[in-house]
Amino acid sequence: MRFLIPLISSSITSGHYRITSRLLSAHLTKPPLSTLHPFFNYQPPSMAASEESLRKALAEKQSAVEAHGNAVRALKAAKATKQEIDAAIEALNSLKLEKSSIEKQLQAAVSGSDGDGALSREAFRQAAVNTLERRLFYIPSFKIYRGVAGLYDYGPPGCAVKSNVLAFWRQHFVLEENMLEVDCPCVTPEVVLKASGHVDKFTDLMVKDEKTGTCYRADHLLKDFCNEKLQKDLTISAEKAAELKHVLATLDDLSAEALGAKIKEYGITAPDTKNPLSDPYPFNLMFQTSIGPSGLSPGYMRPETAQGIFVNFKDLYYYNGNKLPFAAAQIGQAFRNEISPRQGLLRVREFTLAEIEHFVDPEDKSHPKYSQVVDLEFLMFPRDEQMSGQSAKKIRLGDAVSKGTVNNETLGYFIGRVYLFLTRLGIDKDRLRFRQHLANEMAHYAADCWDAEIECSYGWIECVGIADRSAYDLCAHSDKSGVPLVAAEKFSEPREVEKLVIAPVKKELGLAFKGSQKNVVEALEAMNEKEALEMKAALESKGEVEFYVCTLGKNVPIKKNMVSISKEKKKEHQRVFTPSVIEPSFGIGRIIYCLFEHSFYTRPSKAGDEQLNVFRFPPLVAPIKCTVFPLVQNQQYEDIAKVISKSLTTAGISHKIDITGTSIGKRYARTDELGVPFAITVDSTKDVTIRERDSKLQVRVGVEEAALVVKSVTDGLRTWEDVWEKYPHHTSGSADD
């Protein structure tokens, strides 16, 4: 599936990200035992209404200022008394102050700040990204050569986070659901991607600078123009703002002609040169290559991992004992030659996908484990609410399925499992929603499709797609390859069924169409029952019909003697069918970036003279689970640290020893910035201090128990609250920062 940045809700421009100065400066005098909430004030997406009212109020106030200005000038021209002129000027100044106040409120609404010392979304993002790059979570690839847009390297902590996320994905899905994991090549023959539709349809619309030839993605230019106007031009009317928001909401549905018309209407030019732009035209996003030295076997770097699973369906079905339902999964690299990549890890040219293809009988889409998720309640955004301008709201999953909002149980089950996966990783459940595709977004073959969208400083970002793709993919590859990718249900007793029989008369077709005979025969045999019966009726009444052959791209005349169409009764011992596919598809890089933002916050140093960066990663995904610090440079303490290190290694806990002479506070700050959840400080030969990152609370534990305590919490066998209740508290403060 394709990962696109969604623009459906006007809430994208409404600025939900707030890091208030009060929260950032507050010192934890009594830290909570639970993990700290991220330092954001999330608000439901209702800002659009207040923004509209502010724009109307500003327009009215501007009119009043102009009217009072004219009145003051009229009084001066009429040589009114000083008292009258002074009173009019005072009223005018008062109106100007009110106008200025409304401008500040409107600016805060559209920029994402609260107008009172809070950081905007952009400022927050910059602080987080600076920390991520400085601590080597990720950096631009080929940096010494000035990099290449859309390519990034994961550094040591980034690799560890990614590895932990993928390990949990395997545990949560592959192991718990008994999925069949495969690993297919990145280089894919053209014929495979031709069958799937990628060669013809995997495109974005591009425009060129007419003078320099520089390429831009057309919808991004229009999106940037609309956002710029909404966020920085406070003078536009509420009606114009509503128009721009409508453009943003329907951006994905605009044709090349409509997109080009909007670019011309708004006078959008090339960002760097201000030169005129060409009309939009499609650009295929796949990287093309050739297989073998001759160059005669075209191929592509795969744009998704799903096709490798579909083409292996027959063997996987056999491996599974010829039984449905079953799921296959794959984690791997995918490649998309983005026109103008930006937004860091959110839109890149090479990325990791984790995809599941769950094959199910189209006549039975129930799921045996559905009851495990039926009572989950989370933010859902059905298409009806989107169309009527409402906001996402909490809905019980079971209610959504029973009412038909979610098409079937299996689709609902995977929506629930995706919710559990993301929230256990550390995604804030209040900034996670499941948005249903609108009718104009849905593929013609899809029964239903939902996106798990996570809110970050860029807005709502599609990170997981969960789609019921019906039988499209298997049918497409069956037709192209000639290999039936089907399943069978064996009957306990034979059943008598009426079957449609289409029998082309090849001799007559050969005489009539010669070299095109094969195309016509295939098209006739591929007719569905409705088409075939309509042709039969027309041939019986008229003797000849016009028949469209898609592989020839034209209509051909079919006569009564060229094809026999009938219905026959037959006894069948089994039902053969093409399975439907439920596909959850995960953009791992996008999930990780949103996790970075949801985990990032700052807090004041002990002296209060600087803000310290912290990543509140859950132990599950933290790049390093624990650090070991001898309090001072002392051989005995260093020996104890090595003993603890060995115990942590034996327990499989990633850790790091820091024996530098730096103060313990600075060492804590360094590891907090890497998101390390626990620190063991060695300050005696018998007992050590274990500190929890977010609360900064500390307990005293025996040397021999330290590794086991950390392991029990990182493995989820107990919580930090349990540890706090069981062990003596460290209260001296000497080991804190």
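Owing to the predicted nature of the structure, the values given are computational and were not obtained by experimental measurement.

## Considerations on the UniProt feature "domain: Aminoacyl-transfer RNA synthetases class-II family profile" (unreviewed entry) in the protein chain
The UniProt feature table records "domain: Aminoacyl-transfer RNA synthetases class-II family profile" (unreviewed entry) at residues 126-604. The distance from the first to the last C-alpha atom of residues 126-604 is 18 Å, and the span holds 36% helix and 30% strand.

## Re helix H19 (residues 529-542)
Each α-helix turn comprises 3.6 residues. Residues three or four places apart therefore point the same way. Here H19 spans 20 Å end to end across 14 residues, near enough to the 20 Å set by a 1.5 Å rise per residue. For H19, the full list of buried residues reads Ala-532, Met-535, Ala-538 and Leu-539. In a view along the axis of H19, the buried residues occupy a sector of 130°, so they form one face of it. Among the exposed residues of H19, those oriented more than 90 degrees off its buried face are Lys-530, Glu-540 and Ser-541. Those residues of H19 hidden inside the fold are in contact with strand E17 (487-504), helix H18 (517-525), strand E18 (544-549), strand E19 (554-559) and strand E20 (563-577). Structurally, the start of H19 carries an N-cap: the backbone nitrogen of Lys-530 is 3.2 Å from a side-chain oxygen of Asn-528. Of the residues trailing H19, Gly-543 is marked for its positive phi of about 85°.

## Observations concerning the environment of Leu-648
Among the structural elements, Leu-648 can be located in helix H21 (residues 635-650). Residue classification places Leu-648 among the buried positions, given a relative accessible area of 0%. Distance in space between the C-alpha atoms of Leu-648 and Val-628 is 9.9 Å, their sequence separation being 20 residues. Ignoring sequence-local partners within four residues, the contact set of Leu-648 consists of Cys-626, Val-628, Ile-653, His-655, Ile-680, Ala-707 and Val-710.

## What to know about a nonpolar patch on the surface
The grouping of Phe-142, Ile-144, Tyr-145 and Val-148 at the surface amounts to a nonpolar patch, some 520 Å² of accessible area in total. Assignment of secondary structure puts Tyr-145 in the loop between strand E1 (138-140) and strand E2 (152-154).

## Let's talk about H21
Look at H21: 23 Å from first C-alpha to last across 16 residues, which is about the 22 Å you get at 1.5 Å a residue. Listed in full, the buried residues belonging to H21 are Tyr-637, Glu-638, Ile-640, Ala-641, Ile-644, Ser-645 and Leu-648. One face of H21 carries all of its buried residues, which in axial projection span an arc of 155°. Away from its buried face by more than 90 degrees, H21 exposes Gln-635, Gln-636, Lys-642, Lys-646, Thr-649 and Thr-650. Its buried side turned inward, H21 meets strand E24 (626-630), strand E25 (655-657), strand E26 (678-682), strand E27 (687-692) and helix H23 (706-714). Its side-chain oxygen 2.8 Å from the backbone nitrogen of Gln-636, Asn-634 forms the N-cap of H21. Gly-652 sits one or two positions beyond H21 and adopts a positive phi of about 75°.

## Structural notes on the UniProt feature "coiled-coil region" (unreviewed entry) in the protein chain
Under the UniProt annotation, the feature "coiled-coil region" (unreviewed entry) is placed at residues 75-105. The straight-line gap between the two end C-alpha atoms of residues 75-105 is 33 Å; of that span, 87% is helix and 0% is strand.

## Regarding the nonpolar core
Trp-169, Phe-421, Phe-434, Phe-586 and Phe-596 are the most contacted members of the largest nonpolar core, which totals 71 residues. Ranked by residues supplied to this core, first place goes to helix H15 (residues 409-425) with 10 residues. No fewer than three residues from each of domain 3 (305-475 + 580-588) and domain 5 (624-726) sit in this core. Within the second largest apolar cluster, 27 residues are counted, among which are Cys-626, Ile-653, Ala-706 and Val-709.

## Describing the environment of Ala-443
Structurally, Ala-443 is set in the loop between strand E14 (432-436) and strand E15 (448-456). As a C-alpha pair, Ala-443 and Ala-467 span 24 residues in sequence and 10.0 Å in three-dimensional space.

## Observations concerning the sheet that holds strand E7 (residues 281-284)
Strand order in the open sheet formed by 3 strands is E6-E5-E7, with antiparallel pairing between adjacent strands. On the outer flanks of this sheet lie strand E6 (215-217) and E7, each paired with one strand and no other. The sheet shows a mean angle of 50° between the axes of neighbouring strands, taken without regard to direction. Here 4 bridges tie strand E5 (residues 203-208) to E7, and the two strands are oriented antiparallel to one another. Along E7, the bridge assignment pairs Leu-205 with Pro-282.

## Brief notes about the pairing of strand E9 (residues 298-301)
Bridging between strand E4 (residues 187-189) and E9 involves 3 bridges; their strand directions are antiparallel. The residue bridging Val-187 from the neighbouring strand is Met-301, located in E9.

## Description of the layout of surface pockets
Its volume calculated, the largest pocket comes out at about 1800 Å³. Along its surface, the largest pocket is lined by 38 residues, and Cys-475, Asp-479, Glu-525, Ala-526 and Met-527 are the ones closest to its centre. Of all the elements in the fold, those that place two or more residues in the lining of the largest pocket are helix H6 (190-196), helix H7 (198-201), helix H16 (472-481), E17, H18, H19, E18 and E20. A per-element tally of the lining of the largest pocket places H16 first, with 6 residues. Its residues placed into classes, the lining of the largest pocket shows 18 nonpolar, 8 polar and 12 charged.

## Section: the sheet that holds E4
Taken in spatial order, the 3 strands of this open sheet run E4-E9-E8, and their pairing is antiparallel. Because the sheet does not close on itself, it has two edges, and the strands there are E4 and strand E8 (288-290). Each strand of the sheet is rotated relative to its neighbour by a mean of 40°, with strand direction disregarded. Relative to E9, E8 runs antiparallel, the two sharing 3 bridges.

## Comments concerning the environment of Asn-528
Among the structural elements, Asn-528 can be located in the loop between H18 and H19. There is a polar contact of 3.2 Å between the side chain of Asn-528 and the backbone nitrogen of Lys-530. A polar contact of 2.8 Å, which involves the side chain of Asn-528, links it to the backbone nitrogen of Glu-531.

Cut-offs and rules
- Residues numbered from 1 in each chain as written.
- Predicted model: local features only at pLDDT ≥ 70, side-chain atom pairs only at ≥ 80, totals over all residues.
- Heavy atoms only, no water.
- UniProt positions renumbered as here; feature names shortened; annotations may be inferred.
- Helix = DSSP H or I, 4+ residues; strand = E, 2+ residues; numbered from the N terminus.
- Expected span 1.5 Å × (residues − 1).
- Buried < 20%, exposed > 50% of the residue type's maximum accessible area, 1.4 Å probe, protein only.
- Arc of directions from axis to C-beta.
- Contact = heavy atoms within 4.5 Å.
- Polar contact = N/O pair within 3.5 Å; in protein donor to acceptor, adjacent residues only side chain to side chain.
- Patch = residues over 30% accessible without salt bridge, like charges linked within 9 Å, V, L, I, M, F, W, Y side chains within 5 Å.
- Areas by Shrake-Rupley, 256 points an atom, 1.4 Å probe, with all protein chains shown as cover.
- Salt bridge = Lys/Arg side-chain N within 4 Å of Asp/Glu carboxyl O.
- Core = buried A, V, L, I, M, F, W, Y, C linked by side-chain atoms within 4.5 Å.
- Domains from an automatic or database assignment.
- Pairing = 2+ DSSP bridges.
- Axes fitted to C-alpha atoms, helices over the stretch in contact; angles between N-to-C directions.
- 1 Å grid on protein atoms, 1.4 Å probe; cavity = no way out; pocket = protein on both sides within 12 Å on 5 of 7 lines; lining within 4 Å.
- Points joined across faces, edges and corners; volume = space filled by probe spheres on them.
- Nonpolar A, V, L, I, M, F, W, Y, C, P; charged D, E, K, R; others polar.

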